[in-house]
Structures are given as C-alpha cells and as structure tokens.
Amino acid sequence: MPTSMSASSAPGTLPAISVRGASKAYGSLQALRDVDLEVAPGEVRALLGLNGAGKSTLVKMLSGVVVPDAGVIRVAGAETVFRSPHHAMGCGVATVHQELSLVPGLSVADNVFLGRWPTRPGSVVDRRALQDAAKQVLERVHCSVAPATRTGKLSIGQQQLVEIARAVGRESRVLILDEPTSSLSAQEADDLIALVKRLAATGVAVIYISHRMDEIHCVADSATVLRDGQLVGTVAMAETTSRALFGMMTGHRQLEPGEAPARPVDSPVVLKVRGLRSDALRGISFDLREGELLGVAGVLGSGRTSLLEALAGARPSTGAVTVNGVSAERRTVGRMRRHGVGLAPENRRTHGLAMSLPIRSNILMGCLPLVSRAGVVSSGSGGRLLRQTMERLRVHWRLNDPPSTLSGGNQQRVVLGRWLANGATVLLLDEPTRGVDIRGKREIYDLLLELSASGVSTIFATSEFEELYRLATRSLVLRHGELVGDVDLRDTGEEQLMMLAMGEEGLSLPTRTGTDNED
C-alpha cells in the first residue's frame, strides 16, 4: 500500500483532524471500510478516488451528515462523534459542498453569520455590528463584495468566497472543499487556489476534493486515495506523479470495450457538429454516425452537460449543427425535437418528468401533434402509440400511475419512451444510470444496445468509466469546455483516458477525429 509521512507526523504536533477505522454501510453496500485519515494544521490534503470510492461518504462523516458505524474521529486530539452538521461546525469543521448552501434572498452579511447574528437587547439583530463583522471576515478572504449585497446577485465564484468566509468567521480548524472550482472560470479558480494557500498558511487544515489533477499538484501538500471504500494510501505530492495517483485510483484494472459494435466508417453521419460554442464550450466539432453509441468523458465542470444541452437546444449556442443532412439553426428544444433530437437530463425527477402526472401523459406530451386534434388527445392513436412504445421498451406499466411509483430505472425509461414515441433518431443522455440499481442498469444497457442495432444514435455523458467502456467503442473527452480527445476505446486504457480527462501535460493518446473533414 503506497504511504508516506505527511505533515501531521511532525513531533509534538496534534493533527487538526484524524480518523481511525472509519466504516459505514448502507444496507448490504459497504461504502467505507476501516479508513484512516490524519491531516495536520496548515496542511492541504487532496482526497482522490473514482466514483464510488467512498469520498462522499467520508466527507459526509466528517461534516456531520452521517454517523459512522465504527471508527474514531478526533479534532485537535479531542475524540468526538459528529451528530449533525451544526455539531461539526461547532467543533471547528466547516464544509463547503459542491451545491452551495447560501440563502439567495439574504444579504452577504446575513449569510456569513447565518444563525449567529449579533443582537441588541430584545433579540433584535444589530445590523451595524453585523455589517462591520462581515466586512472584516470578507477582507480576510480577499472578497470585495459589499456586505449588504443580496447574495443571489453574486457570481458563483463570489458565492464560493462567501461560503468560505462563513467558515473563516467561525474560526474553523478544518475546511473541507468539495469540487470547489467545478463551476468557476479559470481566473476564479486561480483566485480560490491562492486563497486556500493563504488559509493553510494561517494554520487551517484543508481537505480538498477535486478531479482536476493540475489543481491537485498546484494546491495540495499530500493526497489520500480511496478505492472501493478502502484506503489505498497517502502520499506526499512532492514524491509522486499524476500517473502514480491514477494507478492508485484504478488499481491498474483493464476495462475492455463491451457489447456495442463499432460503427463502420461508411455509416451515414446523422449529426455533424462544427465549432459549437456556448458560455461553457469552446469550439466543439465531431460527427455521430447512424446507430452509434458515443460516450462523453470528462470530470465535473468539463462541459459534458453543457454539450448535451447545447445540442438539444436547451442552452444558447453558436456553431453549425446538421441533423440528417438538415441544418439546425436558431436551436431551441422544440426545433431540435422536430429534427429528431431528444435530451434525457441528469436530474430526471426535476427536469425530465412531470412527477404528478400519469405515465401516459409523460410519454405523450412530447408528441401531441401526432395523437391529438384541436388539442384533444385521440384515444385511438394515443393508445396505439403508447402500446407500441411500451413494447419497444419491453415494459408493462399501469399508465394512469405517476412516475413516482416506478424505480429509478423505469423512470429513465419513461423519459426515453417519450422521445422514442416522438420518433427521435438522436438521443442525448446525461448520466443515464444515475441512481439506478444494478438490475435497472442492465436493462437500460440492453435497451440502448437494441436501439443502436435499430439505427438510433446516442450520445451519453457519464462519470462512470465502466459504463463508458461497456457501451461505447469511441468517446469524446472534454476538459474546461474544450474537446481534448476523440478516442478509440479499443486502443485506450482507463488510466490513459483518466489522465486526458483530468489533465496530464504531454499526454499522447491514440485518437480519431470523428470527422471526415473540417468543413
């Protein structure tokens, strides 16, 4: 097991936080098993691992969201069990989650001291004292925002600083940052990394979770790697390389492309993309062929979701997009639907389904012109289309029930059924099996392979490399909104793909352009 002595090993220095033998199970799933962690005051520790490695469970444990089944947590030498996030913060451990916890309608000052507002006699908030205290804390994190500013008006980068200011205002000993730069611009990310270094210089211990290897090398003193819920090792960044860290994360496993056959190079191009740009994309170009299952790999914030949304007309974009030989201009969701392009979003419950409506309505709402007259759905044509769609999906649903009665896998199939009923020939799937159990995944994989064999083309963005290799022989790789690779997975190992996605300078991979020309 790769290990090294971290700064926490200095004689006479108590760790800012330490964990011994931490374990956590959810039913039969062992999410964390006998994990040790020790971070010294002033140390920046990167926490690394693939999806499912146990990072989120460990962070939840340290931030008081979940209680460990076994193990001991100590803060500055004092043993404790965090019973709630409030308890953890009271012990000096603050967490800035990927999804920020600010109240948009309150002022910056109110958010910095949320629940701890200074008061005057009669329990009235002392606004002057609050503004003055917030100004001092904001200055400590180099945030120039006026304390009276409404938080909802701030950029994501500014909101990150307010979250960190809240932690600094509590005089936290330990700061946990979960993917802090995933939604930031390059300059905002640089500013945040500089702030982390300044906080560490004052003695704050920082646990830094990120999939961006260039950031890890820039900001971290050491790295702890988890795999399959277990500790692989802790190494000093000065004594390791990106390649060695990738090997620790994957265990040097070999993933082979799975069941989807490679599409012949002479298969018809159904989707041609040239110079696609948006607020998050920088000139993406590629071709998608008939029946192809094309993966999209990239870490959080790489532009995977933005790419799918731009192609579906759900995100404003520029550039040339051609579907089945027809130019798709002024792209909107409605226009792209008429071109036969449909998006299944990552959060299917919120953005993909009307959870209070019956399953039949969820399927037919995408193809009302086909089954209605004067706004009234024909029971004959609507019923036939529903039966054909369920046969294609190989399901037997009670169509008057809402989607909330279905499993996650079946909810995803309702979304897919809507697009298939509408005659979609290009499917855009964002994390298609997120929140789906093993059996449901298998059923979705089988369905996508059947659709591929019938000529339906699919672009799917996934954070699971096993899923990528299982379904595709080709993958686009995005980083910071740029297409950094269009690779043949039959010639590309998982570690190589991960290095390309996370940022390994000088990496050379077997690539394919995915385009016949640059027109």
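Residues numbered from 1 in each chain as written. Predicted model: local features only at pLDDT ≥ 70, side-chain atom pairs only at ≥ 80, totals over all residues. Heavy atoms only, no water.

Participant: Looking at this structure, how should I read the nonpolar core?
Facilitator: One broad rule of soluble globular proteins: the nonpolar side chains tend to lie buried together. Residues Ile 164, Tyr 208 and Trp 397 are the most contacted members of the largest nonpolar core, which totals 102 residues. Within the second largest apolar cluster, 28 residues are counted, among which are Leu 32, Val 59, Val 66 and Val 93. (Core = buried A, V, L, I, M, F, W, Y, C linked by side-chain atoms within 4.5 Å. Buried < 20%, exposed > 50% of the residue type's maximum accessible area, 1.4 Å probe, protein only.)

Participant: Please explain unusual backbone geometry as it appears in this structure.
Facilitator: Trans peptide bonds make up the majority, and among non-glycine residues the majority have a negative phi. Even without glycine at this site, Asp 34 takes up a positive phi of about 55 degrees. Within the fold, Asp 34 resides in strand S2 (residues 29-39). Taking the relative accessible area as the measure of exposure, Asp 34 reaches 52% and is therefore exposed. The backbone of Arg 330 sits at a positive phi, close to 45 degrees, despite the residue not being glycine. By the element assignment, Arg 330 lies in the loop between strand S17 (326-327) and helix H10 (333-338). (Helix = DSSP H or I, 4+ residues; strand = E, 2+ residues; numbered from the N terminus.)

Participant: Where do I start with the confidence of the model for the protein chain in this structure?
Facilitator: Mean pLDDT over the protein chain: 88, with 92% of residues reaching 70 or higher. pLDDT under 50 marks residues 3-9. Its contacts with residues more than four places away, or in other chains, come to 18 contacts. (pLDDT = per-residue confidence, 0-100. Contact = heavy atoms within 4.5 Å.)

Participant: Just to check I follow, could you spell out the sheet that holds strand S13 (residues 269-277) for this structure?
Facilitator: Strand pairing in a sheet relies on backbone hydrogen bonds. The paired strands run either parallel or antiparallel. Spatial strand order, S14-S13-S16-S17: four strands in an open sheet with antiparallel pairing. In this open sheet, the two edge strands, each paired with only one partner strand, are strand S14 (282-289) and S17. Bridging between strand S16 (residues 318-323) and S17 involves two bridges; their strand directions are antiparallel. Paired with Thr 322 across the strands is Ser 327, a residue of S17. Across the sheet, helix H9 (residues 304-312) lies against S13, S14 and S16, angled at about 115 degrees from S13, the strand it touches most. (Pairing = 2+ DSSP bridges. Axes fitted to C-alpha atoms, helices over the stretch in contact; angles between N-to-C directions.)

Participant: Even after reading the chapter, I still don't get the packing of aromatic side chains, so can you show me in this structure?
Facilitator: We describe a pair of aromatic rings using the distance from one ring centre to the other and the angle between the two ring planes. Under the criterion given, the structure shown has zero aromatic pairs. It is Lys 24 that lies over the ring of Tyr 26; its NZ or CZ is 5.7 Å from the centre. (Phe/Tyr/Trp six-rings, centres within 6.5 Å; stacked < 30°, edge-to-face > 60°. Lys NZ or Arg CZ within 6 Å of the ring centre and 35° of its normal.)

Participant: What is the right way to look at helix H4 (residues 127-140) in this model?
Facilitator: One turn of the α-helix equals 3.6 residues, which is why residues spaced by three or four share an orientation. The terminal C-alpha atoms of H4 lie 20 Å apart, and with 14 residues this matches the ideal 20 Å at 1.5 Å per residue to within 8%. Among the residues of H4, those classed as buried are Leu 130, Ala 134, Val 137 and Leu 138. All buried residues of H4 fall inside an arc of 100 degrees around its axis, so they share one side. What points out from H4, more than 90 degrees from its buried face, is the exposed set Arg 128 and Gln 136. Buried residues belonging to H4 abut helix H3 (108-112), strand S8 (124-125) and helix H5 (156-169). One or two residues past the end of H4 sits His 142, with phi positive at roughly 60 degrees. (Expected span 1.5 Å × (residues − 1). Arc of directions from axis to C-beta.)

Participant: Please explain the side chain of Glu 163 as it appears in this structure.
Facilitator: Along the chain, Glu 163 falls in helix H5. A polar contact of 2.5 Å, which involves the side chain of Glu 163, links it to the backbone nitrogen of Ser 101. Leave out the neighbours within four places in its chain, and Glu 163 touches Val 96, Leu 100, Ser 101 and Leu 102. (Polar contact = N/O pair within 3.5 Å; in protein donor to acceptor, adjacent residues only side chain to side chain.)

Participant: I keep staring at the pairing of strand S22 (residues 457-461) and nothing clicks. Help me out?
Facilitator: As a general feature of sheets, a regular strand has side chains that alternate between the two faces. Across the five residues of S22, five count as buried, placing the element largely inside the fold. Of the two faces of S22, the one carrying Ser 457, Ile 459 and Ala 461 and the one carrying Thr 458 and Phe 460 are both buried. The pairing of strand S15 (residues 293-297) with S22 spans four bridges and is parallel. Residue pairing across strands places Leu 293 opposite Thr 458, the latter belonging to S22. Read as a crossover between parallel neighbours, the route from strand S21 (residues 426-430) over helix H16 (residues 438-453) to S22 is right-handed. (Right-handed = clockwise from strand over helix to strand, strands pointing away.)

Participant: I would appreciate a short explanation of the sheet that holds strand S24 (residues 482-488) in the present structure.
Facilitator: Pairing is mixed in the open sheet, where six strands are placed in the order S18-S21-S22-S15-S23-S24. In the strand order of this sheet, the two ends are held by strand S18 (341-344) and S24, each with one partner. Averaged over all pairs of adjacent strands, the angle between strand axes in this sheet comes to 20 degrees, irrespective of strand direction. As paired elements, S18 and S21 share four bridges and run parallel to each other. Opposite Leu 343, over in S21, you have Leu 428 as the bridge partner.

Participant: For this particular structure, what's the right way to read the domain arrangement of the protein chain?
Facilitator: The figure often quoted for interface size is the accessible area lost as the parts come together. By domain assignment, the protein chain separates into domain 1 (17-250), domain 2 (269-340 + 425-509) and domain 3 (344-423). On a C-alpha basis, the centroid separation for the pair domain 2 and domain 3 is 24 Å. Listed by partner, the interface residues are 20 residues for domain 2 and 17 residues for domain 3. Overall, the association of domain 2 and domain 3 removes approximately 1600 Å² of surface from exposure, summing both partners, and the carbon and sulfur fraction of that is 55%. When residues of domain 2 are sorted by the area they lose upon contact with domain 3, Arg 337, Asp 430 and Leu 447 head the list and together hold 30% of the total. Of the charged contacts in the structure, one is a salt bridge between Glu 450 and Arg 394, with a shortest N-O distance of 3.1 Å. (Domains from an automatic or database assignment. Buried area = accessible area lost by both parts, 1.4 Å probe. Salt bridge = Lys/Arg side-chain N within 4 Å of Asp/Glu carboxyl O.)

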